[in-house]
Amino acid sequence: MKSVIEGKIFDEERALYGSRSLLVKNCSFDGPADGESALKESSDIRVENTLFNLRYPLWHVDGLSVSDCRMTENCRAALWYSKKITVESTKMKGIKALRECRGCVISGCTVSSPEFGWFCSDITVKDSAVESEYCMMRSRELSFSGVEFSGKYSFQYVEDAVFDGCTFNTKDAFWHGKNITVKNCIVSGEYLAWYSDGITFENCLIRGTQPLCYCKNLRLVNCRMEGCDLSFEKSEVQAEITTHVDSIKNPAAGTIRVQSAGTIIMDDPQAHGIVVTSGTAE
């Protein structure tokens, strides 16, 4: 049975350090002492309807549930080195809010956190809004569904990830990514997925300049493209695109089937890809 702390204000250093089996309700971590690391090295912690306005509150926590809480811009690096985490209906606003964590489910949240989710594993994010630069860099085993994402340089170097029913407004997304499936998504941005290996787009709308270049094992299944010029340069690709593509440049290998193409540039002797428009398809 958990001990309960309710309606308290904590501002001292390591206020609840090393706590075990604790429920924190309607509290605030805030105040003039400006202490940090409030619940560091704790386990089996549940936090409800609580304000976090101080740094590093939830480091090295084993077994954590956070719901209906608010982490302000002052709550830097909120969750680091923790595991077995759920975060629900919470506003996460501090920089670097999640790092080197594993086994985390985030749902119904609003996240505005630069450098969110670096070096993490087994992370699920669903039905949330996320704004971040360099989101989830070098993380693996990701599952995103129903996420509205905005921010530059997202999901770089991620591995073993699935994105379903998401909307991305981004730039340089999925660079150097490996073993990624993106399905039923809208992806708007520039320079999509360069240098990736084993990325598949299914039933997606892709927008923006110079997408999908220098890729290996790239697949597009029943996808649409808008405003995509100089696409697929140096890529090994199998693609089925149901719309017009502005231009395609020097695909390295594979077959790209499109409704039509504004320009097909094949001026590199190492480009052996084939472009088939619907007018010439068998």
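This structure is a prediction, so every number in the text was calculated from the model and none was measured.

Novice: Quick rundown of the pattern of salt bridges? Include the residues and the values.
Specialist: What the rule picks out here adds up to 14 salt bridges. Among the salt bridges present, the one from Asp 62 reaches Lys 83, with a minimum N-O distance of 3.9 Å. Here Asp 62, found in strand β8 (residues 62-67), pairs with Lys 83, found in strand β11 (residues 83-88); they are 21 residues apart in sequence, far enough to count as distant. For Asp 62, a relative accessible area of 29% puts it in the partly exposed group. On the basis of relative accessibility, which here comes to 28%, the residue Lys 83 falls in the partly exposed class. Among the ionic pairs, Arg 207 bridges to Glu 226, the shortest N-O distance being 2.9 Å. Taken together, the residues Arg 207 in strand β25 (residues 205-207) and Glu 226 in strand β26 (residues 218-226) connect sequence positions 19 residues apart. Of the residues examined, Arg 207 reaches a relative accessible area of 34% and is grouped as partly exposed.

Novice: Residue-level account of the pairing of strand β24 (residues 197-202), with values.
Specialist: Within a regular beta strand, the side chains point alternately toward one face of the sheet and then the other, so they alternate between its two faces. Taken together, the 5 bridges between strand β22 (residues 178-183) and β24 define a ladder with parallel strand orientation. Residue Lys 183 lies in a different strand from β24, and its bridge partner there is Glu 202. Here β24 pairs with β26 via 3 bridges, running parallel. Within β26, the position partnered with Phe 201 by the bridge is Leu 220.

Novice: Which residues make up the environment of Phe 29, and what values go with them?
Specialist: Relative to the elements of secondary structure, Phe 29 occurs in strand β4 (residues 28-29). Assessed through its relative accessible area of 2%, Phe 29 is described here as buried. The spatial distance from the C-alpha of Phe 29 to the C-alpha of Lys 8 is 8.6 Å, given a sequence separation of 21 residues. When residues no more than four places from it in sequence are discounted, the contact partners of Phe 29 are Phe 10, Leu 16, Val 24, Ala 38, Leu 39, Thr 50, Leu 51, Phe 52, Asn 53 and Leu 54.

Novice: Before we move on, could you go through the nonpolar core and cite the residues and values that matter?
Specialist: Within the largest apolar cluster, 78 residues are counted, with the highest numbers of intra-cluster contacts made by Phe 174, Phe 201, Leu 212 and Leu 220. In terms of residues, this core owes the most to one element, β26, which gives 4 residues. Beyond its immediate stretch of four places on either side in the chain, Phe 174 contacts Ser 154, Phe 155, Phe 163, Phe 168, Ile 180, Val 182, Leu 192, Ala 193, Trp 194, Ser 196 and Ile 199.

Novice: Give me the lowdown on the pairing of strand β5 (residues 43-48), citing residues and values where you can.
Specialist: Here strand β3 (residues 20-25) pairs with β5 via 5 bridges, running parallel. Note that in β5 the partner of Lys 25 across the bridge is Glu 48. Of the pairings in the sheet, the one linking β5 to β8 comprises 5 bridges and is parallel in character. The partner of Val 47 across the bridge, within β8, is Val 66.

Novice: Quick rundown of unusual backbone geometry? Include the residues and the values.
Specialist: Positive phi outside glycine occurs at Asn 184, with the angle close to 55 degrees. In this fold, Asn 184 is placed in the loop between β22 and β23 (186-188). The class for Asn 184 is partly exposed, based on a relative accessible area of 42%. Backbone geometry places Asn 250, a non-glycine residue, at a positive phi of 45 degrees. Within the secondary structure, Asn 250 sits in the loop between β28 (244-249) and β29 (253-258). A relative accessible area of 3% means that Asn 250 is categorised as buried.

Novice: So, the environment of Ile 206: which residues are in play, and what are the values?
Specialist: One can find Ile 206 in strand β25. In sequence terms Ile 206 and Cys 228 are 22 residues apart; their C-alpha atoms lie 7.8 Å from each other. Residue contacts for Ile 206: discarding those within four places in its chain leaves Val 187, Leu 192, Phe 201, Pro 211, Leu 212, Leu 220, Arg 224, Met 225, Glu 226 and Cys 228.

Novice: So, the packing of aromatic side chains: which residues are in play, and what are the values?
Specialist: Applying the stated criterion across every chain yields a total of 24 aromatic pairs. A centroid spacing of 5.8 Å and a plane angle of 80 degrees characterise the contact between Tyr 191 and Trp 194, whose relative ring orientation is edge-to-face. A centroid spacing of 5.2 Å and a plane angle of 25 degrees characterise the contact between Tyr 195 and Tyr 214, whose relative ring orientation is stacked. Of this pair, Tyr 195 sits in the loop between β23 and β24 while Tyr 214 sits in the loop between β25 and β26, and the two are 19 residues apart along the sequence. Over the face of the ring belonging to Tyr 157 we find Arg 138, whose NZ or CZ atom lies 3.9 Å from the ring centre.

Novice: How would you summarise the sheet that holds strand β7 (residues 58-59) if you had to cite specific residues and measurements?
Specialist: Across the sheet, which stays open at both edges, the 3 strands sit in the order β7-β10-β13 with parallel pairing between neighbours. Among the strands making up the open sheet, the edge pair consists of β7 and β13 (98-99). Bridge count for strand β10 (residues 79-80) against β13 is 2 bridges, and the pairing is parallel. Bridge assignment links Leu 79 to a residue of β13, and that residue is Leu 98.

Cut-offs and rules
Residues numbered from 1 in each chain as written. Predicted model: local features only at pLDDT ≥ 70, side-chain atom pairs only at ≥ 80, totals over all residues. Heavy atoms only, no water. Salt bridge = Lys/Arg side-chain N within 4 Å of Asp/Glu carboxyl O. Helix = DSSP H or I, 4+ residues; strand = E, 2+ residues; numbered from the N terminus. Buried < 20%, exposed > 50% of the residue type's maximum accessible area, 1.4 Å probe, protein only. Pairing = 2+ DSSP bridges. Contact = heavy atoms within 4.5 Å. Core = buried A, V, L, I, M, F, W, Y, C linked by side-chain atoms within 4.5 Å. Phe/Tyr/Trp six-rings, centres within 6.5 Å; stacked < 30°, edge-to-face > 60°. Lys NZ or Arg CZ within 6 Å of the ring centre and 35° of its normal.

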